[in-house]
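A structural walkthrough
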Amino acid sequence: MTVHFVVIASLSLVATGALGEERATPPRQPTPLASDAGWSARLPKAEKVQVRGAVNFDDAGSGSRAMMYPAPGVVGLFAAVLTHAVIVNSVRGSEKSRIQVEADKVLVPYEETLSAWSTRDLVRQALEKSTAGGSRAMIEASTAESGWVVESAPVFVLTQDQRALILENSIAVFAPGAAAAPVYQNLVRVVSAPQAGEEVAAEWNAEQGKRFKDVGADLLGRSYDLALQDMGRAAVADVPHRTYRFAEGGTERMERAQLVESRCEATVVRTLRGSLLAFPAKSEVGTASGGECQRSASVTR
């Protein structure tokens, strides 16, 4: 009985440690940004905008999950489990790289557009689209700044049907005079509306990729706004978690999350991991209520 307990405890430690179990985000104290406060966006270190093809990693390394444990004794079993965890993670990492290379082939029609897309142009345009706070400025990656500073590492993902662009932006916000530690940090994910038309690549690439860059800047500007708004929002534990269904291009996705806000043009939710997700909502102007929105994102309790 004792041996069984030790083995189970050891396996539990491996599952939560070596295999990296996710943990709930702890509650945080709100730090509101004044509506007229100025802030600066620090340029990312990468000079070129980071874009990759959308991919599903769920099956990466799936063939290496089963393993026999011939090692005798509890210590031998524990060592074998640890070894298995390392091997699985290594195989999955290698397979993920291969899968990502394949997924990135969707970007081939956009090579010219992406080669000329700099993070400097992206951030400058995103700040023009942002509405948070008062004045907004762009600062160099190495520039010291005494006011509010937003640092981010934006990565764009193009769906395989090429109909939607998704931003995954890791954001950290620093308060005036407190550059050592951020007062807020989170992952903000923003999904564009699906692009219509038959010649999607031609529409994205027209006029030196104007539409591609405009949509990207809009997503980045919205991610700034969402983070700065969320920074001043206290976590609400009693908001129910629901399953949201929404479109990523022509594909339906699901996310279990808490509603943050819902408007005619977009729905914002907080995922189980604590990150923010914003996705578009098609709206119709209702004649009976004088303009009530009917959102396309469905919700399941």
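In what follows, the structure referred to is the one given above.
Below: a short report on this structure.

Each value, and the rule that gives it
Residues numbered from 1 in each chain as written. Predicted model: local features only at pLDDT ≥ 70, side-chain atom pairs only at ≥ 80, totals over all residues. Heavy atoms only, no water. Helix = DSSP H or I, 4+ residues; strand = E, 2+ residues; numbered from the N terminus. Expected span 1.5 Å × (residues − 1). Bend = angle between axes of the 7 residues up to and from the residue. Buried < 20%, exposed > 50% of the residue type's maximum accessible area, 1.4 Å probe, protein only. Contact = heavy atoms within 4.5 Å. Core = buried A, V, L, I, M, F, W, Y, C linked by side-chain atoms within 4.5 Å. Salt bridge = Lys/Arg side-chain N within 4 Å of Asp/Glu carboxyl O.

1. A short note on helix α5 (residues 200-231)
- For α5, with 32 residues, the first-to-last C-alpha span of 36 Å runs short of the 46 Å given by 1.5 Å per residue.
- Helix geometry: α5 is bent most strongly at Gln 208, by close to 120°.

2. Some thoughts on the environment of Asp 104
- Structurally, Asp 104 can be placed in the loop between α2 (73-103) and α3 (111-115).
- Take Asp 104: its relative accessible area is 28%, and that puts it in the partly exposed class.
- Each C-alpha atom of the pair Asp 104 and Val 51 lies 8.7 Å from the other, and the pair is 53 residues apart in sequence.
- For Asp 104, the residues in contact, after removing those within four places along its chain, are Arg 52 and Gly 53.

3. Regarding helix α4 (residues 119-129)
- Regarding α4, the residues found buried are Thr 119, Leu 122, Val 123, Gln 125, Ala 126 and Leu 127.
- Tucked into the core, α4 has its buried residues touching β1 (39-42), β3 (136-139), β4 (148-158) and α5.

4. Describing the nonpolar core
- Counting residues in hydrophobic clusters, the biggest one holds 44 residues, and the most contacted among them are Trp 39, Phe 156, Phe 212 and Tyr 224.
- For this core, the secondary structure elements donating two or more residues are β1, α4, β4, β5 (165-174), β6 (184-191), α5 and β10 (276-280).
- Residue contributions to this core peak at 12 residues, all from α5.
- Look past the residues within four positions of Phe 156 in its chain and what remains in contact with it is Val 49, Gln 50, Val 51, Arg 52, Trp 117, Leu 122, Leu 165, Ile 166, Leu 167, Gly 216 and Leu 219.
- In terms of nonpolar packing, the next biggest core, distinct from the first, is built from 10 residues, Ala 54, Val 191, Ala 257 and Phe 279 among them.

5. Some details on unusual backbone geometry
- Positive phi, normally seen in glycine, also occurs at Gln 162, with a value near 65°.
- Within the secondary structure, Gln 162 sits in the loop between β4 and β5.

6. Let's talk about the pattern of salt bridges
- Inspection of the entire model under this criterion finds 14 salt bridges.
- Salt-bridge contacts for Glu 168 lead to Arg 189; the nearest nitrogen and oxygen are separated by 3.5 Å. Taken together, the positions of Glu 168 in strand β5 and Arg 189 in strand β6 put the pair 21 residues apart, joining distant regions of the chain.
- The class for Glu 168 is partly exposed, based on a relative accessible area of 22%.
- Where Arg 273 meets Glu 255, a salt bridge forms, and the shortest distance between an N and an O atom there is 3.0 Å. Placement of Arg 273 in the loop between β9 (266-271) and β10 and of Glu 255 in strand β8 (residues 251-262) is noted, with a sequence separation of 18 residues between them.
- On the basis of relative accessible area, Glu 255 is assigned to the buried category, the value being 15%.
- Connected through shared salt-bridge partners, Arg 52, Glu 168, Arg 189, Glu 248 and Arg 253 make up one network.

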